[in-house]
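Chains, contacts and geometry: an overview
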Amino acid sequence: MKKFNFPLDRILQYRGNQVQLEESKLERLFATRGGIELRRRQLHLQRAENETALFASPSIASSELAALDQFRQFVDAQDHIMDRQLVQCDARIAAQRTRVLEARRQHQLLEKLRDKRAAHWQSECDRELEQQAAESFLAQWNRQG
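Rules of the game
Residues numbered from 1 in each chain as written. Predicted model: local features only at pLDDT ≥ 70, side-chain atom pairs only at ≥ 80, totals over all residues. Heavy atoms only, no water. Helix = DSSP H or I, 4+ residues; strand = E, 2+ residues; numbered from the N terminus. Rg over C-alpha atoms; globule rule 2.2 N^0.38 Å. Buried < 20%, exposed > 50% of the residue type's maximum accessible area, 1.4 Å probe, protein only. Contact = heavy atoms within 4.5 Å. Lys, Arg positive; Asp, Glu negative; His and termini not counted. Charge placed at Lys NZ, Arg CZ, Asp CG, Glu CD. Salt bridge = Lys/Arg side-chain N within 4 Å of Asp/Glu carboxyl O. Core = buried A, V, L, I, M, F, W, Y, C linked by side-chain atoms within 4.5 Å. Expected span 1.5 Å × (residues − 1). Patch = residues over 30% accessible without salt bridge, like charges linked within 9 Å, V, L, I, M, F, W, Y side chains within 5 Å. Areas by Shrake-Rupley, 256 points an atom, 1.4 Å probe, with all protein chains shown as cover.

**Brief notes about the overall build of the protein chain**
Secondary structure assignment for the protein chain yields 2 helices and 0 strands. Its C-alpha atoms give the protein chain a radius of gyration of 33 Å, clearly above 15 Å, the size a compact globule of 145 residues would have. Projected onto the principal axes, the alpha-carbon positions of the protein chain cover approximately 120 × 25 × 15 Å. Counting every position in the protein chain, which comprises 145 residues, the buried fraction comes to 17%. In the protein chain, of all internal contacts separated by at least 6 residues, the share reaching a separation of at least 24 is 89%. The average position of the 24 basic charges and that of the 21 acidic charges among the side chains of the protein chain differ by 6 Å.

Structure, rendered in C-alpha cells:
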C-alpha cells in the first residue's frame, strides 16, 4: 500500500498561511482602533485634570482661562478628527473581517476535500487489505485441502 498523498497540500498550506496573514491584519486594525480610543480618553482626562486644577486655585488669571479655552477647542477638534478616524477604521475592520472569512472558507474547503480523499484512500486500503487476507486464507485453505 502506498502512503496517502494529497496533491493540493502546498495549496492547503498556502491557504492556511493566508488565513493567518488576514487574521493578523485584522488584529492590527483592532489595535489601531484601540490606540485611537486610548488617545481620546487621554485627551479628555487631561482636559478634566486641567479644568480641575485651574478651578481649584484661589485666583485664576485671564490668560489661564484663555489657555484652557484653547485647549478645550483643541480637544474638541481632535475629537472630531478621531471620530472620522474611528469610522474609517471600522470600515476597514468590516472589510478585513470579510477577507478573513473568505480566507477561512477557502482553507476549509481544501481541508474538507483532503479529508474526503483521505477517507476514500483509507477505504481503498481497507478493501485491498481484506482482499489480500481473503486470498491468503484461500491459498492456505487450498494447501490444507
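So much for the structure itself; the text now carries on.
**Details of the pattern of salt bridges**
Taken as a whole, this structure holds 12 salt bridges when the rule is applied. Note that Arg72 and Asp69 form a salt bridge whose closest N and O atoms lie 2.7 Å from each other. With Arg72 and Asp69 both in helix H2 (residues 62-144) and 3 residues apart, the pair spans about one turn of that helix. The partly exposed category is assigned to Arg72, whose relative accessible area is 28%. Asp69 sits in the partly exposed class, given a relative accessible area of 32%.

**Digging into the nonpolar core**
By size, the foremost hydrophobic cluster in this structure holds 6 residues: Ile36, Leu43, Phe71, Val75, Met82 and Leu86. Those elements giving two or more residues to this core turn out to be helix H1 (9-56) and H2. Discounting chain neighbours no more than four positions away, the residues touching Phe71 are Leu43, Gln46, Arg47 and Asn50. Within the second largest apolar cluster, 5 residues are counted, among which are Leu26, Leu29, Ile93 and Val100.

**A word on H1**
The end-to-end C-alpha distance of H1, which contains 48 residues, comes to 69 Å, matching closely the 70 Å that a straight helix rising 1.5 Å per residue would cover. Of all the residues in H1, the buried ones are Leu12, Gly16, Val19, Glu22, Leu26, Leu29, Ile36, Leu43, Arg47 and Leu54.

**Observations concerning a nonpolar patch on the surface**
A surface patch of nonpolar side chains, about 270 Å² in accessible area, is lined by Phe55, Ile60 and Leu65. Note on Phe55: relative accessible area 53%, which makes it exposed.

**A look at the environment of Leu12**
Position of Leu12 relative to the elements: it lies in helix H1. Classification of Leu12 as buried rests on a relative accessible area of 6%. Each residue touching Leu12, except ones within four places of it in the same chain, is listed here: His107, Leu110, Glu111 and Arg114.

**Points about the side chain of Glu22**
Following the sequence through the fold, Glu22 ends up in helix H1. As a buried residue without a salt bridge, Glu22 has its nearest oppositely charged side chain in Arg99, at a separation of 4.0 Å.

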